Each structure stands twice: as structure tokens, then as C-alpha cells.
Amino acid sequence: MTTRHIDYLDRLVNTVNGNPRFRVHFTDGSSALTQSDAAWTYGLTNRENTENDVEVTFTKSGRISDLRPVKS
């Protein structure tokens, strides 16, 4: 798990099951895709996530498996 700050989001085509997908761009210049059909992606665009630092967990293949705001 690493702490990052979201710079911007690219909304991608839905998954085969109709769930949202995003490419998340971080302020450090890196980016990653969200894991397919992950329930947490529905709240990704909330200001709680986009205006604060977030804790990000990546899969072995580099996709984001979990993302949650850092609690102060």
C-alpha cells in the first residue's frame, strides 16, 4: 500500500459486466488502471478521494485493487 495524490481521472469504457473503469493519474506522474468490476470504483470520483491523499493497493500486474482516502 502506498500513499499518493490523484491528479486526474480518465473515464474508460465500462467492463463487460457494465461496471465503471478508470485510468488514475497521480501527481508523481504515474498512472494505473482500476481493477475490473471492483465495487470501490463507483465512489472514485468523490471529492473525498480526489482532493486528499489516498492509500493505493496494487495487484501484481500493476492495476489498482483498492483505493481509500487517508484519514487524518
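This text follows the structure it describes.
A brief look at the structure comes next. Keep in mind the model is a prediction, meaning the values are calculated, not measured.

Mapped onto the secondary structure, Tyr42 falls in the loop between strand 3 (31–33) and helix 1 (47–50). Residues Tyr42 and Arg4, spaced 38 residues apart in sequence, show a C-alpha to C-alpha distance of 19 Å. Setting aside its immediate chain neighbours within four residues, Tyr42 contacts Gly18, Asn19 and Pro20. Within polar-contact distance, the side chain of Tyr42 engages the side chain of Asn19 at 2.6 Å.

Let us now look at the sheet that holds strand 2 (residues 21–26). Within the open sheet, the five strands sit side by side as 3-2-1-4-5. Their pairing is antiparallel. At either margin of the open sheet sits one strand with a lone partner, and together these are strand 3 and strand 5 (64–69). Each strand of the sheet is rotated relative to its neighbour by a mean of 40 degrees, with strand direction disregarded. Note that strand 1 (residues 2–12) and strand 2 share six bridges and pair antiparallel. Among the inter-strand pairings, Leu9 is bridged to a residue of strand 2, identified as Val24.

Criteria and cut-off values
Residues take numbers from 1 onward in each chain, read along the sequence in its written order. Restriction of local features to residues with pLDDT of at least 70 applies here, the model being predicted, together with a cutoff of 80 or more for giving and counting side-chain atom pairs; totals for whole chains, interfaces and linings are based on all residues. Excluding hydrogens and water, the side-chain figures rest on all heavy atoms present in the structure. A run of H or I in DSSP counts as a helix once it spans at least four residues, and a run of E counts as a strand once it spans at least two, with each numbered from the N terminus. By definition, residues are in contact when any of their heavy atoms lie within 4.5 Å. Two N or O atoms count as a polar contact when they lie within 3.5 Å, although within protein this holds only if one can serve as hydrogen donor and the other as acceptor, and sequence-adjacent residues are included solely when both atoms are side-chain atoms. When DSSP finds two or more bridges between a pair of strands, those strands are recorded as paired. In this description, a line fitted to the C-alpha atoms serves as the axis of each element, helices being fitted only across the stretch in contact, and the angle between N-to-C directions of two axes falls anywhere from 0 to 180 degrees.

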